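This is what each chain is made of:
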Amino acid sequence: MNWEPASTRAKSMAKDWALLLTCEHGGAEIPQPYSSYLSSSDRKLLKTHRGWDAGALKIARQLQAELDCPLIFSEVSRLLVDLNRSAHHHSCLGPAFRDQSEDLKKAIFERYYWPHRQKVDAQIRGLLKKSNAVLHIAVHSFTPVLNGEVRTAELGLLYDPARKSEKKWADRLYQELKPLLGELRIRRNYPYLGKSDGLTRALRKDFGVQRYAGIEVEVNQNAVKSKSELQKLGWTLTQALRSSLL
């Protein structure tokens, strides 16, 4: 679990909306002593989309450096515990840990799951003492093909359309990104629905629509296979966010 604090944010960002970045699936680490619970087939999954969101943390770090804002991230694999699922969700714990003892499961949640959630919550509350509201951008990536279905976008913006502030931000980001992406395709609430179970959904229950907007940025892993592609898309997202926050 890691945290990169922000220095002084740009005045335009601090005036109304402060920016917070998170990355819940930034790595494929299975810390000791939990690695011994993984089967050989589980280990093969670690470096796939089942284990982590390839490219997501690099993009998040690029955004953090360029926009000078807080970034909270984890490099623990979702095959241990998925930080973007509710604690009661059937797939929150990785398959190798769902039938283990209650003590072991409790230890995983107390060491990795709740600290991440608490850091994000505390950061939002801290930002709200200085700004009117917080725009939370959670950076993820997705596999280009899932269960035989080819995903038809390189970038997705996930949000709850019933929350006016999130719709406003998603529309603004979409309009800023569209001319910058060239041939890359962007879609709203794709490849998942923004109102589905996740960290942003949980935070919406704690913070009002005028004080919090949670947008998940989903990047197709096909679009960031090379270092240059990743940096270009990171730059594109940086420009769109910077323009949107002005």
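Everything in this summary refers to the structure shown in the same document. (Residues numbered from 1 in each chain as written. Predicted model: local features only at pLDDT ≥ 70, side-chain atom pairs only at ≥ 80, totals over all residues. Heavy atoms only, no water.)

**Digging into the overall build of the protein chain**
Using the following cut-off: Per the convention used, a helix needs a DSSP run of H or I reaching at least four residues, while a strand needs a run of E reaching at least two, with both numbered from the N terminus. Radius of gyration here is computed from C-alpha atoms only, and the compact-globule reference equals 2.2 Å multiplied by the residue count raised to the power 0.38. Type-normalised accessible area, obtained with a 1.4 Å probe on protein chains alone, sets the label of each residue: buried when under 20%, exposed when over 50%, and partly exposed for intermediate values. The contact rule is simple, with two residues in contact once any of their heavy atoms fall within 4.5 Å. The accessible surface values rely on the Shrake-Rupley method and a 1.4 Å probe; as for residues, cover is taken only from the protein chains in view. Only four residue types enter the charge count, namely Lys and Arg as positive and Asp and Glu as negative; His and the chain termini do not. To locate a charge, take atom NZ for lysine, CZ for arginine, CG for aspartate or CD for glutamate.
Looking only at helices and strands, one finds 7 helices and 9 strands in the protein chain. Computed over its C-alpha atoms, the radius of gyration of the protein chain comes to 17 Å, within 12% of the 18 Å expected for a compact globule of 246 residues. Its C-alpha atoms put the protein chain at 50 × 40 × 30 Å along the principal axes. Within the protein chain, the fraction of its 246 residues that count as buried is 54%. Taking all contacts inside the protein chain whose residues are at least 6 apart in sequence as the whole, residues at least 24 apart take part in 81%. Element-wise, carbon and sulfur atoms account for 50% of the exposed surface of the protein chain, whose accessible area totals about 11700 Å². Counting 39 positive and 27 negative side-chain charges, the protein chain places the averaged centre of each group 3 Å from the other.

**Notes on the nonpolar core**
As a reminder, the rule being used: For our purposes a nonpolar core is just a set of buried Ala, Val, Leu, Ile, Met, Phe, Trp, Tyr and Cys residues, chained together by side-chain atoms within 4.5 Å.
Ranked by internal contacts, the top residues of the largest apolar core, which has 38 residues, are L135 and I137. Secondary structure elements with two or more residues in this core: β2 (17-23), α3 (56-67), β3 (71-73), β4 (133-142), β7 (155-158), α5 (164-177), β9 (212-220) and α7 (227-245). The contacts of I137, once residues within four sequence positions are left out, are L19, L20, L21, T22, L173, I215, V217 and L241. Grouped together as the second largest cluster of nonpolar side chains are 18 residues, Y34, L38, A96 and Y112 included.

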